[in-house]
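Geometric and topological summary
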Amino acid sequence: MTPLFLRDLLQRGLALAKSHPGRTAGAVGIALLAGIWLHETSLSVRLMRAEKTHYPAGARACLSLDTVTGINLGNSGSSAVWAPRTDLTAPTAHPFVFYAGPAQNVPDLAVDLARRGLLRRHDITMTIDVVSDEIGPQARNEGGAYYHPDTVHHTFRQAPAVIYTTERNDPRFTYTLRFRGGVLLGSTGFMTRVYDTPLPETGRYTIPLISPYMTSIVSGACLTVHPRSITSIEARTDPLTGDHLYAANIVFAVDSPPSWMDTPVFRRSAGSPPIFGQGSTVERTTLFKDDHGHLAFKTDFSQ
Amino acid sequence: MIPTMARNAAVAVADAIRRSPRRAALVAAAAFGAWQVLAPGDNDDRRAAREVLATVRAWPEGQGSMDRDASRRLCRRVNDESFIDGLGFLGNVDRRKMALPTPDYDANTAGAYFGGGPRGVAPSPFLQALMDAGVVRRVPVTIVTRTHQPTAAALDYVPLQDTIGGPLPPPPTRQFEDTESRMDADLFIAPGDGAAWFIANPDLRKGLMGIAPASTPRIVPVRDGTGNAAVPPGLVTPDGICYPLRADRVLEYTDAKTVGYKLREITVAILMKPRTMPGWVSDPRVFGALMGAPVLPEDVRVWTFRNAGDGWRLSGLTDMRDMASNGHYLGD
């Protein structure tokens, strides 16, 4: 019965369209516009738009490079180690460092990325203050007490070191920020001398050292991802502020890895996760805030 | 000559406008557009960073501490061993010590007082460095100790009720005697301009979390015209050094982002430099005596500022997250 009824309806509609072509075109147009309007104002499309507005250049999925990157110019034991003052190491600098360490021991990945033009290599000479303490024969002071006079010798040794930097704010990497404290001068990696005063060869003294006010150290390598679809939307209320929120699961399509990630040395040192495969996707829960009908990106649980 | 040229040019321009007003308008619009496009970009964030720099430049430099408040002054404590406390306890009511006034040390002496000791006392390494730099002077004085005590006769006088032996013995005529002893001493004083870095700052003694405050020596009083002892009012015992800094320039700033209704936030790294950098601050004997960091020739501070509509103010917390990947670095 139903197919017959539908066929009848279709025939009658066609007949109507034949007799009034202009009106039919108008009705179809209005129906199309209504459909587009309904589609554009649907929640998932609006959420997708808010997501794209928040990441105009595309969201990122990042792999940890923590095992490769870092600064390995540390002070060992009692000796002070410092670098010459350059644009990278001055207290007014904010270097973006991939790796820094002794020149004899450089990670393969840093060498490879420098060859591909992602990193820049800087060669510097570190100075190491080697302190040796010599205890002399027993002696007496003016009061008659026994003591051992000791003499402190400083030997300044030079050691070659290498720094690999990225471009400032390079979006292909994520960074961890290290910054210097106010009262206590913590280290952000590179130390230089505060004063240029000459250092005597004997005597017990401390050499004031200072590091750049901030150092950004690469912590991950990133792939661009593009939002494709929304699988679930859940309305929530913020328990603290009472804001209306939407928690949406967004599926992103992952770009194929760029050539510098698609290398044996990268796979060997940073790993080769499944998202490198062709057509892979990642899913993220993203929170949107409903601000009187205006949807705004709030946070996503990634990186 | 130049006024004539200017007048001629003005006449020519007016002529051109009168002849073809539309073309003149077009040329003006094109020039304006070109200026808009080619003028150096002075975007909103950069302007906010510049306003923040102006705010920091307007901070007071005579009070507060840059580590805590909106202030351009920085203070560091000096450790206890920097002072010389070799003159014993002063201020006992029965043993009054005072220095005889000399041209170098009288009621008008102004400056910073670092203690003193018997003539020829050795200064601490910190003071020796300041003396080598000519900031602190060794001031020789004669200290008079006036002791007010019972006479020997008064101590012997025991008025017992012994009527068999006769009447009471007569009391001694002088119950008390004042004796005066003199001692040659040296005081360590930073007079005049050199004392600007060393001021009494009770703030440095506050909030030390159980650390004993520096035991500063008491100032030797001077005998004034009436023979009484008075501490020179212009002399202070420093708790540490305090020095003003100037805001040199902005090194880095983040985007000025909106964090609420009409509320903006920006994080700025500003290079602060001491107003003066005397040679003695880089002496190891001096920075070895300072608690905390030495005096830095280039002190970079990162602060978060908020603007609620009435100018940029220091936010309580510093949010550096954006500096890691979105900072605008100007550098040198």
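Owing to the predicted nature of the structure, the values given are computational and were not obtained by experimental measurement. (Residues numbered from 1 in each chain as written. Chains lettered and ligands numbered in written order. Predicted model: local features only at pLDDT ≥ 70, side-chain atom pairs only at ≥ 80, totals over all residues. Heavy atoms only, no water.)

1. Structural notes on the overall build of chain B
The helix and strand tally for chain B stands at seven helices and 16 strands. Across the 332 residues of chain B, 39% fall into the buried class. Only carbon and sulfur atoms are counted for the fraction: they give 57% of the accessible area of chain B, which is about 18300 Å². (Helix = DSSP H or I, 4+ residues; strand = E, 2+ residues; numbered from the N terminus. Buried < 20%, exposed > 50% of the residue type's maximum accessible area, 1.4 Å probe, protein only. Areas by Shrake-Rupley, 256 points an atom, 1.4 Å probe, with all protein chains shown as cover.)

2. So, the nonpolar core
Judged by nonpolar contacts, the single largest core of 52 residues is most densely connected at Phe-98, Phe-173 and Phe-266 of chain A. Among the elements that take part in this core, strand S12 (residues 214–237) of chain A stands out by supplying six residues, more than any other. The next biggest cluster of nonpolar side chains, apart from the first, holds 50 residues, and it includes Ala-49, Trp-59, Tyr-243 and Val-250 of chain B. (Core = buried A, V, L, I, M, F, W, Y, C linked by side-chain atoms within 4.5 Å.)

3. Description of the interface of chain A and chain B
At the interface, 24 residues of chain A touch 29 residues of chain B. For the pairing of chain A and chain B, the buried interface totals around 2200 Å² over both sides, and the portion due to carbon and sulfur atoms is 63%. At the boundary of chain A with chain B, the tally comes to one salt bridge. Among the salt bridges present, the one from Glu-298 of chain B reaches Arg-85 of chain A, with a minimum N-O distance of 2.7 Å. Across the chain A-chain B interface, the total number found is six residue pairs in polar contact (both at pLDDT 80 or more). If you list the elements that add at least two residues to the side of chain A that touches chain B, you get strand S9 (173–179) and S12 of chain A. Per element, the largest residue contribution to the side of chain A that touches chain B is three residues, and it comes from S9 of chain A. Here the side of chain A that touches chain B is built from residues that sort into 14 nonpolar, seven polar and three charged. (Contact = heavy atoms within 4.5 Å. Buried area = accessible area lost by both parts, 1.4 Å probe. Salt bridge = Lys/Arg side-chain N within 4 Å of Asp/Glu carboxyl O. Polar contact = N/O pair within 3.5 Å; in protein donor to acceptor, adjacent residues only side chain to side chain. Nonpolar A, V, L, I, M, F, W, Y, C, P; charged D, E, K, R; others polar.)

4. Quick notes on the domain arrangement of chain B
Residue and element names in this part refer to chain B. Each assigned domain of chain B is listed here: domain 1 (39–74 + 243–330) and domain 2 (79–156 + 172–238). A separation of 40 Å is found between the C-alpha centroids of domain 1 and domain 2. The partner domain 2 presents 15 residues to the 14 residues of domain 1 that form the contact. Counting the surface domain 1 buries against domain 2, the share from its top three residues, Trp-280, Arg-285 and Ala-289, is 50%. (Domains from an automatic or database assignment.)

5. Details of the packing of aromatic side chains
A complete count under the given rule lists 19 aromatic pairs over all chains for this structure. Relative to Phe-198 of chain B, the ring of Phe-126 of chain B has its centre 6.4 Å away and its plane inclined at 85°; by these criteria the two rings are edge-to-face. Here Phe-126 of chain B is found in helix H4 (residues 125–132), whereas its partner Phe-198 of chain B is found in strand S7 (residues 198–199), with 72 residues between them in sequence. In this pair, the class of Phe-126 of chain B matches that of Phe-198 of chain B, namely buried. Members of the aromatic cluster, joined through ring pairs, are Phe-83, Phe-114, Phe-126, Trp-197, Phe-198, Tyr-243 and Trp-280 of chain B. Just above the ring of Tyr-329 of chain B sits the side chain of Arg-168 of chain A; from NZ or CZ to the centre is 4.0 Å. The side chain of Arg-193 of chain A reaches across the aromatic face of Trp-82 of chain A, ending 5.9 Å from its centre. (Phe/Tyr/Trp six-rings, centres within 6.5 Å; stacked < 30°, edge-to-face > 60°. Lys NZ or Arg CZ within 6 Å of the ring centre and 35° of its normal.)

6. A short note on the side chain of Arg-301 of chain B
Residues and elements named next belong to chain B. As for its position among the elements, Arg-301 is in strand S14 (residues 299–307). Given a relative accessible area of 7%, Arg-301 falls into the buried group. Reaching out from Arg-301, the side chain makes a polar contact with the side chain of Asp-299 at a distance of 3.2 Å.

7. Side note on the state of the cysteines
Residues and elements named next belong to chain A. One pass over the full model with this rule turns up two disulfides over all chains. Between Cys-62 and Cys-222 runs a disulfide, and the two sulfur atoms are separated by 2.0 Å. With the S-S bond torsion at 100°, the cross-link from Cys-62 to Cys-222 turns out right-handed. Here Cys-62, found in strand S1 (residues 59–64), pairs with Cys-222, found in strand S12; they are 160 residues apart in sequence, far enough to count as distant. A residue is classified by how much of its surface remains accessible, and Cys-62, at 28% relative accessible area, is partly exposed. (Disulfide = S-S within 2.5 Å.)

8. Focus: the pattern of salt bridges
Residues and elements named next belong to chain B. Within this structure, the stated rule accounts for 31 salt bridges over all chains. A salt bridge links Arg-275 to Glu-61; the nearest nitrogen and oxygen atoms lie 2.9 Å apart. Of this pair, Arg-275 sits in the loop between strand S13 (263–274) and helix H6 (284–287) while Glu-61 sits in the loop between helix H3 (44–57) and strand S1 (73–77), and the two are 214 residues apart along the sequence. Glu-61 sits in the partly exposed class, given a relative accessible area of 29%. Among the salt bridges present, the one from Asp-310 reaches Arg-313, with a minimum N-O distance of 3.3 Å. Three or more residues are tied together by salt bridges with common partners; here these are Asp-67, Arg-76, Asp-299 and Arg-301.

9. Here's the deal with unusual backbone geometry
Positive phi, close to 60°, is recorded for Asn-169 of chain A, a residue that is not glycine. The residue Asn-169 of chain A is located in the loop between strand S8 (150–166) and S9 in this model. Even without a glycine there, the phi angle at Lys-262 of chain B is positive, about 55°. Along the chain, the position of Lys-262 of chain B falls in the loop between strand S12 (257–260) and S13. Since its relative accessible area comes to 61%, Lys-262 of chain B is described here as exposed.

10. With respect to the environment of Val-162 of chain A
All names here are of chain A. Position of Val-162 among the secondary structure elements: in strand S8. Each C-alpha atom, one on Val-162 and one on Glu-51, is 41 Å from the other, the two residues being 111 residues apart in sequence. Beyond its immediate chain neighbours, meaning those up to four positions away, Val-162 contacts Tyr-99, Ala-100, Gly-101, Pro-102, Ala-103, Val-106, Arg-121, His-122 and Asp-123.

11. Focus: the confidence of the model for chain A
On average, residues of chain A score 85 in pLDDT, and 94% of them reach the 70 mark or higher. Taken element by element, chain A is modelled with least confidence in helix H1 (residues 2–19) of chain A, mean pLDDT 79, and with most confidence in helix H4 (residues 108–115) of chain A, mean pLDDT 94. (pLDDT = per-residue confidence, 0-100.)

12. As for helix H3 (residues 43–54) of chain A
Structurally, the α-helix is built with 3.6 residues per turn, so residues lying three or four positions apart point the same way. All names here are of chain A. The end-to-end C-alpha separation of H3 is 17 Å, in line with the 16 Å expected for 12 residues at 1.5 Å each. All buried positions along H3 are accounted for by Val-45, Leu-47, Met-48, Ala-50 and Glu-51. Taken together, the buried residues of H3 touch helix H2 (21–40), S12, strand S13 (244–254), strand S14 (281–291) and strand S15 (294–300). (Expected span 1.5 Å × (residues − 1).)

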